[in-house]
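Here are the chains, one letter per residue:
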Amino acid sequence: MSTAKTSCSSLMTTTFSARYTRLSRFLAGLTAAVMTVVALALLPYADLPAERVALLVPVFSSVQATLNAVIAYLVVLQFYADRKYPTALISIGFAFSALLSAIQIVSLPGVFTEGGNFERFAPIAIWLWVARLSGHALLILLAMLVLKGRPALLASERSVGYQTAVFAIMPVVLAVMVYAFLGYNRDLLPGLMDASGSYSGLAHGRAGYFMLACWTLALLGILLVTRLQRGFDCWLAFSAYSYILYLIVNFTSASRFTIGWYTSRFFELAAAATLLGALLFEVLRMQQRLKKLYSNAYQASIRDGLTGLYSRRYFDTALARELAAAERSRRPLSLLMVDIDYFKQYNDTHGHLAGDDCIRRVAASLLDGFRGSDIVARYGGEEFVVILPDTGRELACQTAERLRSQIMALGIPSVRPADANEPVVTVSIGLSHQPPGAEPRKTMQTLIGEADDALYKAKRQGRNRVVCAAERTDG
Ligand SMILES: Nc1nc2c(ncn2[C@@H]2O[C@H](COP(=O)(O)OP(=O)(O)OP(=O)(O)O)[C@@H](O)[C@H]2O)c(=O)[nH]1
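Under an unreviewed UniProt entry, the protein has the name diguanylate cyclase and belongs to Microvirgula aerodenitrificans. Comment text from UniProt for the protein, heading Catalytic activity (unreviewed entry), reads "2 GTP = 3',3'-c-di-GMP + 2 diphosphate".

Trainee: Help me out: how do you make sense of the overall build of the protein in this one?
Mentor: Helix and strand counts for the protein come out as 16 helices and five strands. Sorting the 475 residues of the protein into buried and exposed places 50% on the buried side. Here the analysis covers contacts within the protein between residues at least 6 apart in sequence; of these, 77% occur between residues at least 24 apart. Taken as a whole, the protein presents about 23100 Å² of accessible surface, with 62% of it coming from carbon and sulfur.

Trainee: Got a minute to help me understand the site of the ligand in this structure?
Mentor: In the vicinity of the ligand, 18 residues are found, and the nearest of them are Phe343, Lys344, Asn347, Asp356 and Arg378. Tyr342 has a polar backbone atom sitting 2.8 Å from an oxygen atom of the ligand. Here an oxygen atom of the ligand and a side-chain polar atom of Arg378 are 2.6 Å apart. For the ligand, the accessible surface in isolation is 670 Å², of which the surrounding protein chains cover 68%. Its residues assigned to classes, the shell around the ligand comprises five nonpolar, five polar and eight charged.

Trainee: In this structure, what is going on with the sheet that holds strand E4 (residues 427–434)? I would like to understand it.
Mentor: As a general point, the strands of a sheet are linked pairwise by backbone hydrogen bonds and lie either parallel or antiparallel. Spatially, E2-E3-E1-E4-E5 is the arrangement adopted by the five strands of the open sheet, whose pairing is mixed. Strand pairing shows two members of the sheet lacking a second neighbour, strand E2 (375–380) and strand E5 (466–468), which therefore form its edges. Within this sheet the neighbouring strands show an average axis-to-axis angle of 20°, counted without direction. Across three bridges, E4 lies against E5 in parallel orientation. Across the sheet, the residue bridging to Leu431 is Cys468, located in E5. In the packing of helix H11 (residues 312–329) onto the sheet, contacts are made with strand E1 (333–340), E2, strand E3 (383–389) and E4, and the angle to E2 comes to roughly 135°. Where helix H13 (residues 352–368) meets the sheet, its contacts fall on E1, E2, E3 and E4, and the angle it forms with E3 comes to roughly 5°.

Trainee: What should I look at first to understand the state of the cysteines in this one?
Mentor: For the structure on display, the rule yields one disulfide. Disulfide partner of Cys397: Cys468, at an S-S distance of 2.4 Å. Here the residue Cys397 occupies a position in helix H14 (residues 393–409), and Cys468 occupies one in strand E5, the gap between them amounting to 71 residues. The burial state of Cys397 is the same as that of Cys468; both residues are buried.

Trainee: Looking at this model, I keep getting lost on the environment of Tyr310. Mind explaining?
Mentor: Mapping Tyr310 onto the fold places it in the loop between helix H10 (259–302) and H11. Distance in space between the C-alpha atoms of Tyr310 and Ile375 is 7.7 Å, their sequence separation being 65 residues. When neighbours within four sequence positions are excluded, Tyr310 is seen to be in contact with Ile302, Arg303, Asp304, Ile375, Val376, Ala377 and Arg378.

Trainee: Help me understand unusual backbone geometry, please; the structure alone is not making it clear to me.
Mentor: For residues other than glycine, phi is negative in most cases, and the peptide bonds are mostly trans. Of note, the phi angle at Arg83 is positive, near 60°, even though the residue is not glycine. Along the chain, Arg83 falls in the loop between helix H3 (56–82) and helix H4 (85–107). Overall, the relative accessible area of 19% leaves Arg83 in the buried class.

Trainee: Is there a simple way to explain H11 in this structure?
Mentor: Structural remark: α-helix, 3.6 residues per turn; residues separated by three or four positions point the same way. For H11, with 18 residues, the first-to-last C-alpha span of 25 Å sits near the 26 Å given by 1.5 Å per residue. Among all positions in H11, only Tyr314, Phe315, Ala318, Leu319, Glu322, Leu323 and Ala326 are buried. Each buried residue of H11 sits inside an arc of 155° when the element is viewed along its axis, so together they form one side. Among the exposed residues of H11, those oriented more than 90 degrees off its buried face are Arg313 and Arg328. The first or second residue beyond H11 is Arg330, which carries a positive phi of 50°.

Rules behind the numbers
- Residues numbered from 1 in each chain as written.
- Predicted model: local features only at pLDDT ≥ 70, side-chain atom pairs only at ≥ 80, totals over all residues.
- Heavy atoms only, no water.
- UniProt positions renumbered as here; feature names shortened; annotations may be inferred.
- Helix = DSSP H or I, 4+ residues; strand = E, 2+ residues; numbered from the N terminus.
- Buried < 20%, exposed > 50% of the residue type's maximum accessible area, 1.4 Å probe, protein only.
- Contact = heavy atoms within 4.5 Å.
- Areas by Shrake-Rupley, 256 points an atom, 1.4 Å probe, with all protein chains shown as cover.
- Near = heavy atom within 4 Å.
- Polar contact = N/O pair within 3.5 Å; in protein donor to acceptor, adjacent residues only side chain to side chain.
- Nonpolar A, V, L, I, M, F, W, Y, C, P; charged D, E, K, R; others polar.
- Pairing = 2+ DSSP bridges.
- Axes fitted to C-alpha atoms, helices over the stretch in contact; angles between N-to-C directions.
- Disulfide = S-S within 2.5 Å.
- Expected span 1.5 Å × (residues − 1).
- Arc of directions from axis to C-beta.

Take a look at the structure:
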């Protein structure tokens, strides 16, 4: 019960595996600690003015917007797979942030005009920044509340495609609405920056505290609700923590073109870059897992569960393939049908489990006795078949004889009727053969039928022997 609940409360259980959680926790914790030290070391210098590098901030903002857009894309695709609404809300958060960043870049100095549209956009630009950061955090917080309140709530399988499209469009609508609202009310908005470029009114006022509170609540939400059960949870928490450091360093300077103003952007960049790295790593791991799963499923579909030999189904396709190849290359092909003698008595005396063990030992011996190109399969019950490509009748007879002796040599104690003289498990073998270039060529059914008839003859003749179908036809 508790396991089911725990897995529900974690994010992205479909794609993101638990295996690397401890490593992610350690790495995210370590990186957060290093960043905290860097932030603390920076604080005394945050106020110092720095060179005005007009393009630095637009470049930072573009990279950050691109990273967030890619994260949003990967996460909304994840919603398509796991159908969890919190996943969709997180993707909206990142897409919303990316879009508002893009809008904001237009207003920055040196991007479209020398002085920038900044002066013209100034009241909106800084409000866009406030809206972007708080909106992003609130959407993550909302995701955590939904995850906590309705952990089992899933989008229906039928509508998930349509809902994914809606969630992909929603951030555009939100961003346009925020932009329109701010533009429309630009004259009413309180100025958050003075003519000298100082925004200490924002940093040490209600808007600044609000932004910090949003990210602190988002971080607490991630920690308390997900309990960092998956790698993604850890990096999402790290990303929220990076935003808090970003704001603290940025607010300590509270003025444009200072050490704090520039360097704070590294923290925002770190938030997006590490999360994207974690996502890509998980996508790569998922690919590896799928490959392994596919290979396991394929092997299970062509192998017999008890013996590990090829299954009857695989044998059917293999025989058709090998017969066609033998015909094309005008080479011979032989088929052995091997059956354990008196197996019913063996089972009745020693029990079914011992019977299984006997089948396994005979199968292992069969595998041992053939070339890599020969195909050994379990035909059913205590019966096996072996396809011997490129093998003439003489060689096939010798091989079958060798196999018969090899199985006797295993010395599996047997219970026999009074007339049987071997106290060990033996096999009877029927052999059929397709000579090179023979016309009319035999079909699969003919070849199997002939081997089966030969096996029946071997049983009637007293068992523990090899009978070749060609002998009977010729004779
Ligand atoms: N333990 C075990 N027994 C199986 C398995 N598949 C089939 N059998 C048993 O194998 C026995 C086959 O019996 P029969 O077909 O009468 O053949 P037999 O006793 O070997 O007699 P001959 O073939 O004429 O020598 C049956 O009792 C089946 O229940 C299996 O996977 N495990």
